[in-house]
Amino acid sequence: MDIRLGDILVMKKPHPCGEKRWQVLRTGMDFRLKCLGCGHEVMLPRSRAEKNIREVQRDE
């Protein structure tokens, strides 16, 4: 899956704040994601993150 810095990922399940959209801050073996609702940042293994992605929104 082609994920780049700055992409917005729409996940299958919402964050506890209710937002499903996350901004990609770092890529590699892990993703660093920032919730666009509350600003919380998390590190997820790439395999786990890719499994939960519903849509990738990108400014081209």
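Refer to the structure above for everything that follows.
Residues numbered from 1 in each chain as written. Predicted model: local features only at pLDDT ≥ 70, side-chain atom pairs only at ≥ 80, totals over all residues. Heavy atoms only, no water.

Caption draft 1: Fine view of the sheet that holds strand β1 (residues 8-11). Pairing is antiparallel across the open sheet formed by five strands, whose spatial order is β4-β3-β2-β1-β5. Edge strands, defined here as strands with exactly one partner in the open sheet, are β4 (41-45) and β5 (53-57). Within the sheet, the average angular offset between the axes of one strand and its neighbour, ignoring direction, is 35°. Note: β1 against strand β2 (residues 21-26), three bridges, orientation antiparallel. Opposite L9, over in β2, you have W22 as the bridge partner. (Pairing = 2+ DSSP bridges. Helix = DSSP H or I, 4+ residues; strand = E, 2+ residues; numbered from the N terminus. Axes fitted to C-alpha atoms, helices over the stretch in contact; angles between N-to-C directions.)

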